[in-house]
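Read off the chains here:
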Amino acid sequence: MMKKKLLTTATAAALSLGMATSAAQADDVRIGWTAWADAEFITQVADRVIQERLDTGVELVQTDIAPQYAGLAGGDLDLMLMSWQPITHEDYIDQFGDDIVDLGVLYDNAKLGWLVPASLHAEGLTSIEDLRDDEWRDRLNGEIQGIDPGAGLTRLSHDTIEEYELDYTLIEASDAAMTAALDRAIRRDDAIVVTGWSPHWKLGAYELEYLEDPKGSLGGAESIHAMSRTGFADDHPKVAAFAGCMNIDIDLLNEYMYLADEESTGHAVDKFFNDEAGLIDEWVACARN
């Protein structure tokens, strides 16, 4: 019991101090999300469906992944739509899995890895093992450009550096900072390795290649799940059912994420609601059965 109290207290502090939230009513569904391209698009689509088709208010809570899991376990959040399983968020599932509910798969065939511009790949940088060569280490200034510290990809990337015995520093930053560094390097024709994943708009914006991972340190194909707090399905049965029914093909998701980057996430969501109305109708019908 003491552990649960500590988790709840810590989560409450995170919710009050470290999370960006939208205005909400007491009975709104609180959805946690992270500023990753796929998480932002999926969350905004869900937000709109829940409000417009299921007549339920939504509060969006932007924060890192760790506080989202803690928030669900402590009852401070209702939903999250970005649980990478089985490897990426394995630590969080081990820690909080008994106190949260898996509502189902949102999309699968997702992938983690380290990416390089296609030009570097053509020069011979094709595997993580190649990074041991002094030539590549010098050209890369001994750095791998990463994302936020709480991401499962960040943990796995630190493990990968150790497993391959690489003399490199992982630069921890946001998704936006990572893509900015990638864009800058490509424009300058500089060497760069970034931590990456599919789906992501950058795979449509740039010619990129995944480095081979012979040791399998960054895992294989993964699926992204919707998770809820315990008791959420009793309080909001239609919304919980909708989260379990929501499923999107990863290639279709990539198309809309690229549009979101080219225009805006709002524009991409509007187009999704217009062009994929039949798919949304399927989700809603499934939730109401």
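Residues numbered from 1 in each chain as written. Predicted model: local features only at pLDDT ≥ 70, side-chain atom pairs only at ≥ 80, totals over all residues. Heavy atoms only, no water.

### Here's the deal with helix 7 (residues 152–163)
Part 1 of the reasoning: Taking 1.5 Å of rise per residue, the twelve residues of helix 7 would be expected to cover 16 Å, and the 16 Å separating its terminal C-alpha atoms lies within 8% of that figure.
Part 2 of the reasoning: In this structure, the buried residues of helix 7 make contact with strand 5 (100–117), strand 7 (169–171) and strand 8 (194–198).
Part 3 of the reasoning: Positive backbone phi, at 55°, marks Glu165, one or two positions downstream of helix 7. (Helix = DSSP H or I, 4+ residues; strand = E, 2+ residues; numbered from the N terminus. Expected span 1.5 Å × (residues − 1). Contact = heavy atoms within 4.5 Å.)

### Some thoughts on unusual backbone geometry
Part 1 of the reasoning: Backbone torsion omega between Gln85 and Pro86 reads 10°, so that peptide bond is classified as cis.
Part 2 of the reasoning: Along the chain, Pro86 falls in the loop between strand 4 (79–85) and helix 4 (90–96).
Part 3 of the reasoning: For the bond running from Ser198 to Pro199, omega is 15°, close enough to zero to count as cis.
Part 4 of the reasoning: Mapped onto the elements, Pro199 comes out in the loop between strand 8 and helix 9 (202–205).
Part 5 of the reasoning: We note that Asn141 has phi near 55°; this positive angle belongs to a residue other than glycine.
Part 6 of the reasoning: In this structure, Asn141 sits in the loop between helix 6 (134–139) and strand 6 (143–145).
Part 7 of the reasoning: The class of Asn141 is exposed, set by a relative accessible area of 60%. (Buried < 20%, exposed > 50% of the residue type's maximum accessible area, 1.4 Å probe, protein only.)

### A look at the nonpolar core
Part 1 of the reasoning: In this structure, Trp114, Leu131 and Phe272 are the most contacted members of the largest nonpolar core, which totals 94 residues.
Part 2 of the reasoning: Of all the elements, strand 5 adds the most residues to this core, at nine residues.
Part 3 of the reasoning: Those residues in contact with Phe272, other than ones at most four positions away along the chain, are Phe41, Val45, Ile248, Leu252, Tyr256, Ala277, Leu279, Ile280 and Trp283. (Core = buried A, V, L, I, M, F, W, Y, C linked by side-chain atoms within 4.5 Å.)

### Considerations on the packing of aromatic side chains
Part 1 of the reasoning: Inspection of the entire model under this criterion finds nine aromatic pairs.
Part 2 of the reasoning: With a centroid separation of 6.3 Å and 45° between ring planes, the pair formed by Trp201 and Tyr206 is classed as tilted.
Part 3 of the reasoning: One aromatic cluster is present, formed by Phe41, Phe242, Tyr256, Phe272 and Trp283 through successive ring pairs.
Part 4 of the reasoning: One cation-aromatic arrangement involves Lys202 over Trp197; the distance from NZ or CZ to the ring centre is 4.6 Å.
Part 5 of the reasoning: The positively charged end of Lys215 is found above the aromatic ring belonging to Tyr164, 5.5 Å away from the centroid. (Phe/Tyr/Trp six-rings, centres within 6.5 Å; stacked < 30°, edge-to-face > 60°. Lys NZ or Arg CZ within 6 Å of the ring centre and 35° of its normal.)

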